[in-house]
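Residues per chain, in single letters:
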Amino acid sequence: MPWLFRIPEIFDALAPEILERLHAQPGKRLGLDYHWVNLRDPSLLPNSPIGTFVRWNLPVEHSWPCNPSKIEGFIEKASQGLLAKFADRSPQAIFTGVLHPTSPDRYFRSLAGNLRGRLLQVFPATEVHDVEEQKAERETLFCLVGKEGLYAGMQSPRRSNGLFAGGSKFMDQNSPDTISRAGAKIAEALHYLRMHQPPLPAGSHWLELGACPGGMTSELLVRKQRVTAIDKAPLDPRLAGRPGLRFVHADVAEFQPEQGCLYDALLNDMNGPPDESMDHVKRLAKWLKPGGLVVFTLKLPKVESVDAPCTLMDRIVKKAQGAKLTLFARTHLTYNRHEFTLFFRRV
Ligand SMILES: C[S@@+](CC[C@H](N)C(=O)[O-])C[C@H]1O[C@@H](n2cnc3c(N)ncnc32)[C@H](O)[C@@H]1O
């Protein structure tokens, strides 16, 4: 069965090795970072650490290779084709996206939007309209368009590894309140988490390791979370006095939580060796509530082959088990560079 794999541009040099190790026979490249592949064993994707390099995936059940801008009535023809193919499978939702998400050419973005609009008219009413209201395990119709044509399939967001077509939630990073690029990482991580658990209620208490200058802290505070933020560097002055924030200007190694304090979640974005970061997390996980969440940015040293990051990830996940932290998801987020985001739960 043909499949679309989205391998982030940052791992482009590794793509042939990633595909080979996932037994995916490479075909044409589409858009910015999509690979059309023939897949022998789809179960390898979620079960192998190498699958973490594939940000998003879709079985291609319907394709129309063409240049949409040259086809008169493209939207109507595409909608009727998709209706004939998928209507009887009752998708929970329909989402469209573009094969080249960062292209300055707005044509395909508006084509994708208009296609979705028409699909919602011609399909029997879908249950879900808001992307974050989707059920993680129910099938959605995802469609991607670009100068290479239309590619569509039905799969659950959890199996595709993302709620949007293509898996990216785009964040405005040009607002005067943006403190650092890292803010977009936690914002996207919280969006991604919707596939695994409901959002943490207002007032939830986060322990944040390596918080400065404070991009993530700011995003958590905006969501009415309480944050104890630790860093040996100073926090951006714009965050001074923000309700819900306690800043501890110290090395994480010296930090001792107050007696009786239990956190709902722990966030690590420290730079430095990942093993050291996990040692800090393990020590502090004793102050996490049972069922508490850990969001761990795994900084990858120079990525020259798929094995070194996978071995590192395995070692970090095993270490975490020693503190009763069980991995339940891992991914490469749009705003991650050479890093993965790992999600653990305290059992
Ligand atoms: C990538 S930056 C964090 C960015 C931050 N998450 C944000 O949203 O702006 C890494 C931070 O980890 C801090 N850090 C690394 N090791 C630390 C340690 N042992 N104790 C305290 N802070 C540490 C650094 O000072 C640095 O500010």
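Residues numbered from 1 in each chain as written. Predicted model: local features only at pLDDT ≥ 70, side-chain atom pairs only at ≥ 80, totals over all residues. Heavy atoms only, no water.

## Some remarks on the nonpolar core
Phase 1: If you look at the biggest cluster of nonpolar residues, it comprises 50 residues, and the most contacted ones within it are F5, I18 and F53.
Phase 2: Two domains share this core, each providing at least three of its residues, namely domain 1 (2-160) and domain 2 (182-346).
Phase 3: Residues in contact with F5, not counting those within four places in the same chain, are L19, L22, A24, D33, Y34, H35, V37, L39, L45, V54, W56 and N57.
Phase 4: In this structure, F95, V128, Y151 and I186 belong to the second largest nonpolar core, which totals 45 residues. (Core = buried A, V, L, I, M, F, W, Y, C linked by side-chain atoms within 4.5 Å. Buried < 20%, exposed > 50% of the residue type's maximum accessible area, 1.4 Å probe, protein only. Domains from an automatic or database assignment. Contact = heavy atoms within 4.5 Å.)

## A few points about the site of the ligand
Phase 1: In the vicinity of the ligand there are 19 residues, among which S180, M216, D231, V252 and D269 approach most closely.
Phase 2: Here a nitrogen atom of the ligand sits 3.3 Å away from a polar atom, N or O, in the main chain of G210.
Phase 3: In the environment of the ligand, an oxygen atom lies 3.2 Å from a nitrogen or oxygen atom belonging to the backbone of C212.
Phase 4: Here the ligand has 600 Å² of accessible area as a free molecule, and 85% of this is covered by the chains. (Near = heavy atom within 4 Å. Polar contact = N/O pair within 3.5 Å; in protein donor to acceptor, adjacent residues only side chain to side chain. Areas by Shrake-Rupley, 256 points an atom, 1.4 Å probe, with all protein chains shown as cover.)

## Things to note about the pattern of salt bridges
Phase 1: Scanning the entire structure with this criterion turns up 24 salt bridges.
Phase 2: We note a salt bridge from R223 to E219, for which the minimum N-O separation is 2.7 Å.
Phase 3: When salt bridges with common partners are traced through the structure, they connect R181, K185, D269, K299 and E339 into a single cluster. (Salt bridge = Lys/Arg side-chain N within 4 Å of Asp/Glu carboxyl O.)

## Some remarks on the pairing of strand β1 (residues 2-6)
One face of the sheet, then the other: side chains in a regular strand alternate in exactly this way.
Phase 1: Extensive coverage of β1 is indicated by the burial of four of its five residues.
Phase 2: Judged from the five bridges that link them, β1 and strand β3 (residues 34-39) form a sheet pairing that is antiparallel. Considered in β3, the bridge of L4 is made with W36.
Phase 3: When β1 meets strand β4 (residues 56-59), the two strands line up antiparallel, connected through four bridges. (Helix = DSSP H or I, 4+ residues; strand = E, 2+ residues; numbered from the N terminus. Pairing = 2+ DSSP bridges.)

## Description of helix α4 (residues 107-122)
Phase 1: Between the first and last C-alpha of α4 there are 22 Å, a value that for 16 residues agrees with the 22 Å anticipated at 1.5 Å per step.
Phase 2: Those residues of α4 that sit buried are F108, L111, A112, L115, R116, L119 and V122. Viewed along the axis of α4, the buried residues span an arc of 135 degrees, placing them on a single side of the element.
Phase 3: Buried residues along α4 sit in contact with α3 (74-86), β6 (94-98), β7 (140-146) and β8 (149-155). (Expected span 1.5 Å × (residues − 1). Arc of directions from axis to C-beta.)

## Looking at the packing of aromatic side chains
Phase 1: Within the structure shown, the criterion is met by nine aromatic pairs.
Phase 2: Ring centres 4.9 Å apart and planes at 85 degrees place the aromatic pair F11 and F53 in the edge-to-face group. Of this pair, F11 sits in the loop between β1 and α1 (15-21) while F53 sits in the loop between α2 (44-47) and β4, and the two are 42 residues apart along the sequence.
Phase 3: Between Y192 and F343, the aromatic rings sit 5.4 Å apart at their centres with planes inclined by 15 degrees, giving stacked as the arrangement. Of this pair, Y192 sits in helix α6 (residues 182-193) while F343 sits in strand β15 (residues 339-346), placing them 151 residues apart in sequence. Like Y192, the residue F343 is buried in the burial classification. (Phe/Tyr/Trp six-rings, centres within 6.5 Å; stacked < 30°, edge-to-face > 60°.)

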